[in-house]
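Structure assessment
Each chain, letter by letter, is given below.
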Amino acid sequence: MDLLEEYRRATFFFESGDPLGASKLLEPIVEAEPHNTAVRQLLARAYFNSAQLNGAETQLRALIDHDPSDHYAHHVLGRTLERAGRFREALPHLRLAAAMKTQPDYQDALRRVETWLGKNDAA
């Protein structure tokens, strides 16, 4: 298997709106190249975009274990946990991402989860 060619195909699938197809192509590449963060990140995004939240969480936690300062992995993990309804678990990752990098979508996600938790804590 030509891993680079498969990665390019997976990227094309992902960018063409087929994250499920991309994930199928990326899984064996991550298995063959477990320390390749670019491939693992694309697989996490493909899982997230195809609502395979457990898979996304696994890949994102591996990225964070490898590099705890990866603000993007923290953000997407927070979004993954938010999407799964695990708001309390999402909050620390969203806070870290927002503190590490000033990015409007990081701030929006953080506010959204803080608001949700605030409304539900008050009830």
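The structure displayed is predicted, hence computed values, not measured ones.

Cut-offs and rules
Residues numbered from 1 in each chain as written. Predicted model: local features only at pLDDT ≥ 70, side-chain atom pairs only at ≥ 80, totals over all residues. Heavy atoms only, no water. Salt bridge = Lys/Arg side-chain N within 4 Å of Asp/Glu carboxyl O. Helix = DSSP H or I, 4+ residues; strand = E, 2+ residues; numbered from the N terminus. Buried < 20%, exposed > 50% of the residue type's maximum accessible area, 1.4 Å probe, protein only. Domains from an automatic or database assignment. Contact = heavy atoms within 4.5 Å. Buried area = accessible area lost by both parts, 1.4 Å probe. Nonpolar A, V, L, I, M, F, W, Y, C, P; charged D, E, K, R; others polar. Expected span 1.5 Å × (residues − 1). Bend = angle between axes of the 7 residues up to and from the residue.

A look at the pattern of salt bridges
Evaluation of the coordinates by the stated rule reveals eight salt bridges. Linking Glu57 and Arg61 is a salt bridge whose minimum nitrogen-to-oxygen distance equals 2.9 Å. Linking Glu57 with Arg61, this pair stays in helix H4 (residues 53–66), spanning four residues, or about one helical turn. Glu57 sits in the buried class, given a relative accessible area of 13%. One salt bridge connects Glu114 with Arg95, and the closest N-O pair in it is separated by 3.5 Å. Here Arg95 lies in helix H6 (residues 87–100) and Glu114 lies in helix H7 (residues 104–122), a separation of 19 residues in the sequence. Judged by relative accessible area, Glu114 falls into the partly exposed class, the value being 33%. The network of salt bridges with shared partners includes Glu57, Arg61, Arg86 and Glu89.

Quick word on the domain arrangement of the protein
Per the domain assignment, the segments of the protein are domain 1 (1–66) and domain 2 (68–122). With 14 residues of domain 1 at the contact, the number on the domain 2 side is 15 residues. Taken together, both faces of the contact between domain 1 and domain 2 bury some 1,300 Å²; the carbon and sulfur share is 66%. It is Phe48, Leu60 and Ile64 that lose the most area in domain 1 upon contact with domain 2, and together they represent 46% of the buried surface on that side. Of the charged contacts in the structure, one is a salt bridge between Glu57 and Arg86, with a shortest N-O distance of 2.8 Å. Broken down by element, the residue count for the side of domain 1 that touches domain 2 peaks at nine residues, all from H4. A class-by-class count of the residues in the side of domain 1 that touches domain 2 yields seven nonpolar, three polar and four charged.

A closer look at helix H2 (residues 19–32)
Relative to the 20 Å expected for 14 residues at 1.5 Å per residue, H2 spans 20 Å between its end C-alpha atoms, a close match to the ideal helical length. Of all the bends found along H2, the most pronounced is centred on Leu26 and spans about 30°, while Pro28, a proline, follows it within four residues. If you check which residues of H2 are buried, you get Pro19, Gly21, Ala22, Ser23, Leu25, Leu26, Ile29 and Val30.

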